[in-house]
Amino acid sequence: MSTSSSTEPTTGPTTGRAKATIGLTGLAVMGSNLARNIARHGHTIAVHNRTQAKTDALIEEHGDEGDFIPASSVKEFVESIERPRVIMIMVKAGAPTDAVIEELVPYLDKGDIIVDGGNAHFTDTIRRTEELAEKGIEFVGTGVSGGEEGALNGPSIMVGGSDQAYERVGPIMESIAARAGDGEACSAHVGTGGAGHFVKMVHNGIEYADMQLIAESYDLLRSVGGLEPAQIADVFAEWNTGELESFLIEMTADVLKHVDADTGKPFVDVVKDAAEQKGTGRWTVQSALDLGVPVTGIAEATFARSLSGHTDQRKAVREAFPTDPDAKPVSVDPEVFVDQVRDALYASKVVAYAQGFDQIAAGADEHGWQIDLGEVAKIWRAGCIIRARFLNRITEAYAADPHLTTLLTTPFFADAVKQSVPAWREVVATSALSGVPAPAFASSLAYFDALRRDRLPAALIQALRDNFGAHTYERVDRPGTFHTRWSGDRSESEQG
Ligand code: 6PG
């Protein structure tokens, strides 16, 4: 690594050309769309890819969209960026990210900033931040949501790293981010260190829950309500005009009305029913387990994807327990059922978001990040996959009380949940009676009911633990820790 920290002239030594404000390496679709977005916003951008062909293709196809400086080597790439440099890497999470960092470091100077816009695990981001800090390089783990389209036209951007790095990186990110209805940029410095990738991870967990709830709604409307995919598309389009308005609801309507060109069947019927995952939902659940936050909706959604992929077990159980041809289907009035499913979806969705925000709060506490939860809801209002109308309400709720115990009790959501409860119960009961699984609906309702119970059977669990393992318990009527001599005279003793 070069050690000089003086400021270089802002033009290249050989070409006299102005240097780039930012560099981006990793020109797969997300990277190249992000580079185009940055260029379109008037920033001179140096671009690089391990395989030169991708750089050439970007310049050939889109070079006229802004001021690009293509580089064919890492050295040339780094040297074409003004100092202190901002270099964005858009490569696969894990080892490929470490490999790119390793290639860049020898050419960097103290004070340079690496922005990782991939879906990195936040613990990798914390490690990289520390390792690079020892070399005087800032590392800014940044969550970027919105898929290919968002990358090009405005993503939601969750920036981590130091305050100092944000001063340099923030204005660029804010200029390329999506704009919410009130014109605010959907980009913010959510917290230091790994906070950006942590928030993005939970965003993805909520995305899993949201999609699972939508999928359960579709299944119930079709299998119990008797609606065809095209009719369900209309239902979703209608829901998208109300409180449920969101990118994923709108997209569901679009997907469900799509017809497969080869077979003439609804497209959803020709897609194999085994859901894949790249890992961010799983990471969210793993982290929630460590933090002790019950993200039941996200967990059910993640397990539902795993279950769908166990095709051998599915076949074995289907064959062992075939549907009884004489079984009476649960009969519902389709019109009433549509409204009930909408309410169940809404209430379960509120639970999933409440749990996700709880996890962000717990992660912030654990890692010492100052995360403004209202600000997180704000930058999810546009650009990202879980953008939804009701995020405004979440922002309002955290503005009113930044240390909310739970979103569920805030006036707007408490009212929404209260109104949905009867339908929510009907839908979960109908799912159980008809054998059409709705695990995320059911677990969200169970979560809500468990929180409402005056007494939980956790008391019995404590008693059992004490019985078989002398694990002790607390009493409701006086302070202290106790143990009962279960195999002796059953007398109780107070522990140390
Ligand atoms: C986004 C998405 C994106 C994610 C894909 C696929 O915010 O733009 O969350 O980051 O990678 O949605 O995720 P899975 O393959 O895990 O479903």
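Attention here is on the structure that accompanies the text.

Let us look at the overall build of the chain. On a plain count of helices and strands, the chain comes out with 20 helices and 10 strands. Dimensions along the principal axes, computed over C-alpha positions, put the chain at roughly 85 × 70 × 45 Å. Residues classed as buried in the chain amount to 49% of the 496 residues present. The long-range share in the chain, meaning contacts at least 24 apart out of those at least 6 apart in sequence, stands at 66%. For the chain, the accessible area works out to roughly 23800 Å², and carbon and sulfur atoms hold 52% of it. The averaged location of the 71 negative side-chain charges in the chain is 2 Å from the averaged location of its 45 positive side-chain charges.

Before going further, it helps to spend a moment on the site of the ligand. Surrounding the ligand, one finds 15 residues, the nearest of these being Ser145, Lys200, Glu207, Tyr208 and Arg305. For the ligand, an oxygen atom lies 2.7 Å from a polar atom in the side chain of Glu207. Between the ligand and the protein, one listed contact pairs an oxygen atom with a side-chain N or O atom of Tyr208 at 2.5 Å. For the ligand, whose unbound accessible area comes to 410 Å², protein coverage reaches 80%. At five residues, helix 8 (residues 195-223) tops the list of elements feeding residues into the shell around the ligand. For the shell around the ligand, the class distribution of residues is two nonpolar, nine polar and four charged.

This part is about the side chain of Ser156. Note on placement: Ser156 falls in strand 7 (residues 156-159). At 2.5 Å, the side chain of Ser156 and the backbone oxygen of Ile379 are in polar contact. Sequence-distant contacts of Ser156, defined by excluding residues within four places in its chain, comprise Gly143, Val144, Ser145, Cys186, Ile379, Trp380, Ala382, Gly383 and Cys384.

In this section: the sheet that holds strand 5 (residues 113-116). Pairing within the open sheet is mixed, and its eight strands lie in the order 3-2-1-4-5-6-7-8. The open sheet is flanked by strand 3 (68-70) and strand 8 (187-189), the only strands paired with a single partner. Here the average twist between neighbouring strands, direction ignored, is 20 degrees. With four bridges joining them, strand 4 (residues 86-89) and strand 5 adopt parallel strand pairing. What sits directly across from Ile87, in strand 5, is Ile114. Running at roughly 175 degrees to strand 8, helix 7 (residues 163-176) makes contact with strand 1 (22-25), strand 4, strand 5, strand 6 (138-145), strand 7 and strand 8 of the sheet. On the sheet, helix 8 packs against strand 5, strand 6 and strand 7 and is oriented at approximately 20 degrees with respect to strand 6.

About the thresholds
Residues numbered from 1 in each chain as written. Predicted model: local features only at pLDDT ≥ 70, side-chain atom pairs only at ≥ 80, totals over all residues. Heavy atoms only, no water. Helix = DSSP H or I, 4+ residues; strand = E, 2+ residues; numbered from the N terminus. Buried < 20%, exposed > 50% of the residue type's maximum accessible area, 1.4 Å probe, protein only. Contact = heavy atoms within 4.5 Å. Areas by Shrake-Rupley, 256 points an atom, 1.4 Å probe, with all protein chains shown as cover. Lys, Arg positive; Asp, Glu negative; His and termini not counted. Charge placed at Lys NZ, Arg CZ, Asp CG, Glu CD. Near = heavy atom within 4 Å. Polar contact = N/O pair within 3.5 Å; in protein donor to acceptor, adjacent residues only side chain to side chain. Nonpolar A, V, L, I, M, F, W, Y, C, P; charged D, E, K, R; others polar. Pairing = 2+ DSSP bridges. Axes fitted to C-alpha atoms, helices over the stretch in contact; angles between N-to-C directions.

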